[in-house]
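Structural overview for review
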Amino acid sequence: MGSDHYFTAAPASPENLRRIRVSLAGRDLELTTAGGVFSPEHLDVGTSVLLSNAPPPPPGGNLLDLGCGWGPIAISLALRSPHATVWAVDVNERALDLVRRNAEELGLDNVNAVLPDDVPEDVAFRTIRSNPPIRVGKNELHGLLERWIPRLDERSDGWFVVSRNLGADSLQRWLATTFADGYSVYRTTTGRGFRILKVRRHGTPATDAIDIV
């Protein structure tokens, strides 16, 4: 991949399209991936842990896959909640093209694969599901979460999977400190070297306290 990273906006590396088999939302699928995106050869372990342990998504409203890559989370959300609008957000244009390609092939017309700035400002999310780009760096990661977590709708949850060895516990502490008013932060699952962190936005942000479990 040369100097490209999965969070590169326009990868210069060869596309090298490939087909992989993956199980999402209880269905065995064959999807398209490519070089220059995150985990192009298979469903990565962290995303698998998230998909296996997060609850079913809300049946309607706007749902967000933050840092979508080639789209396993977005596609799972769209399959499980066909009446919802799924926003697949990434800075990597190649990844967004793959999400569009895969959604079209599956007949999923409820997926919007877009750059971050293309999400309308008035859209609030019933859930966020994310395997966030930890390797982008702490400052960039914190800025990403500070931008999107406040866009959770009231009484809605964000679910984030983070490797224990890449700072899951320190990220949990940062989340609890940063979102100290109107949110609760929990660690819900530990498995296969990953932790799932749940951030709940309450209906009365000024008075609710943070709980860390």
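All residue numbers here refer to positions counted from 1 along the written sequence of the relevant chain. Only residues with pLDDT of at least 70 get local features here, since the model is predicted, and only at 80 or more are side-chain atom pairs given and counted; chain-wide, interface and lining totals rely on the full set of residues. Note that water and hydrogens are dropped before the side-chain values are worked out from all heavy atoms of the structure.

**A closer look at the overall build of the chain**
Counting secondary structure elements, the chain contains five helices and nine strands. In this description a helix means any DSSP run of H or I spanning at least four residues, a strand means any run of E spanning at least two, and both kinds are numbered starting from the N terminus. The helix and strand sequence of the chain, counted from the amino end, reads β-β-α-β-α-β-α-β-β-α-β-α-β-β. Per-residue accessibility, obtained with a 1.4 Å probe over protein chains only, is compared with the maximum for each type, and a residue is labelled buried under 20%, exposed over 50%, and partly exposed between these values. Buried residues in the chain amount to 52% of all 213 residues. Long-range pairs, those at least 24 residues apart, make up 69% of the contacts in the chain with a sequence separation of at least 6. Two residues qualify as a contact provided that any one of their heavy atoms is within 4.5 Å of a heavy atom in the partner residue.

**Overview of the packing of helix H4 (residues 138-148) against helix H5 (residues 168-178)**
The axes of two packed helices give the description: the angle between them and the distance between them. H5 packs onto H4 with a crossing angle of 45° between their chain directions and a minimal axis gap of 12 Å. One element, H4, and the other, H5, form an angle in the oblique class. Crossing geometry of H4 relative to H5 is assigned as right-handed. Contact residues: H4 offers Leu 141, His 142, Leu 145 and Glu 146, while H5 offers Leu 171, Trp 174, Leu 175 and Thr 178. We call Asp, Glu, Lys and Arg charged. Ala, Val, Leu, Ile, Met, Phe, Trp, Tyr, Cys and Pro are nonpolar, and the rest, Gly among them, are polar. Looking at the contact of H4 with H5 residue by residue, the class counts come to five nonpolar, two polar and one charged. Working convention: axes come from line fits to C-alpha atoms, limited for helices to the stretch in contact. Angles between N-to-C directions cover 0 to 180 degrees. Note that the term roughly parallel is reserved for angles under 35 degrees, roughly antiparallel for angles over 145, roughly perpendicular for angles of 65 to 115, and oblique for everything else. Whether a crossing is left-handed or right-handed is set by the direction in which the near helix is turned from the far one by less than a right angle, anticlockwise for left-handed and clockwise for right-handed.

**Quick word on the side chain of Thr 32**
In this fold, Thr 32 is placed in strand S2 (residues 27-33). Polar side-chain contacts of Thr 32 include one of 2.7 Å to the side chain of Arg 19. In this view, Thr 32 contacts Leu 17, Arg 18, Arg 19, Trp 70, Leu 98, Arg 101, Asn 102 and Glu 105; residues no more than four positions away in its chain are not counted. Polar contact is defined as a pair of N or O atoms within 3.5 Å, subject to the rule that within protein one atom must be able to donate a hydrogen and the other to accept it, and that residues adjacent in sequence are counted only when both atoms are side-chain atoms.

**Quick look at the confidence of the model for the chain**
What pLDDT conveys is the predictor's confidence in a given residue, as a value from 0 to 100. Per-residue confidence for the chain gives a mean pLDDT of 92; residues scoring 70 or more make up 89%. Note that residues 1-5 has pLDDT below 50 and, in this model, eight contacts with residues that lie over four places away or in other chains. Here residues 205-213 is a poorly scored stretch, pLDDT under 50, and it has 26 contacts once near neighbours within four places are set aside; other chains count.

**With respect to the pairing of strand S5 (residues 111-114)**
Two elements, strand S4 (residues 85-89) and S5, share four bridges in a ladder whose sense is parallel. Across the sheet, residue Val 86 finds its bridge partner in S5, namely Val 111. By convention, orient the strands away from the viewer: a clockwise path from the first strand over the helix to the second makes the crossover right-handed. The handedness of the S4 to S5 crossover, carried by helix H3 (residues 93-105), is right-handed. Paired strands, in this sense, are two strands between which DSSP finds at least two bridges.

**A closer look at the sheet that holds strand S8 (residues 183-191)**
Here we have seven strands laid out as an open sheet, ordered S5-S4-S3-S6-S7-S9-S8, and mixed in their pairing. With one partner strand each, in any of the chains shown, S5 and S8 form the two edges of the open sheet. Pairs of neighbouring strands in the sheet enclose a mean axial angle of 15°, with direction left out of account. Here strand S3 (residues 62-66) pairs with strand S6 (residues 125-130) via three bridges, running parallel.

**Overview of the packing of helix H1 (residues 45-53) against helix H2 (residues 72-80)**
For the pair H1 and H2, interaxial distance at closest approach is 10 Å and the crossing angle is 20°. Our classification of the angle between H1 and H2 gives roughly parallel. H2 is crossed by H1, and the crossing has right-handed handedness. Along the contact surface, H1 presents Thr 47, Leu 50 and Leu 51, while H2 presents Pro 72, Ile 73 and Ser 76. Of the residues contributing to the contact of H1 with H2, the split by class is four nonpolar, two polar and no charged.

**Considering unusual backbone geometry**
In this structure, Asn 16 takes a positive phi of about 45° despite not being glycine. Looking at the element boundaries, Asn 16 is found in the segment before strand S1 (18-24). Located in the positive-phi region is Ala 25, a residue other than glycine, with phi close to 50°.

**Considerations on the environment of Cys 68**
Considering the arrangement of structural elements, one finds Cys 68 in the loop between S3 and H2. Taking the C-alpha atoms as reference, Cys 68 lies 5.7 Å from Val 89; in sequence the two are 21 residues apart. Discounting residues that sit within four places of it in the chain, Cys 68 has contacts with Ala 88, Val 89, Asp 90, Leu 96 and Val 99.

**Here we look at the packing of aromatic side chains**
Whether two aromatic rings pair depends on their centres lying within 6.5 Å, for rings of Phe, Tyr and Trp, where Trp uses its six-membered ring; planes under 30 degrees apart make the pair stacked, over 60 edge-to-face, and the rest tilted. If you walk through the whole model with that rule in mind, you get three aromatic pairs. Ring centres of Trp 174 and Phe 179 lie 6.2 Å apart, and the angle between their planes is 90°; this geometry places the pair in the edge-to-face category. Exposure class is identical for Trp 174 and Phe 179. Each is buried. Arranged with centres 5.2 Å apart and planes meeting at 65°, the rings of Phe 179 and Tyr 183 form a pair that is edge-to-face.

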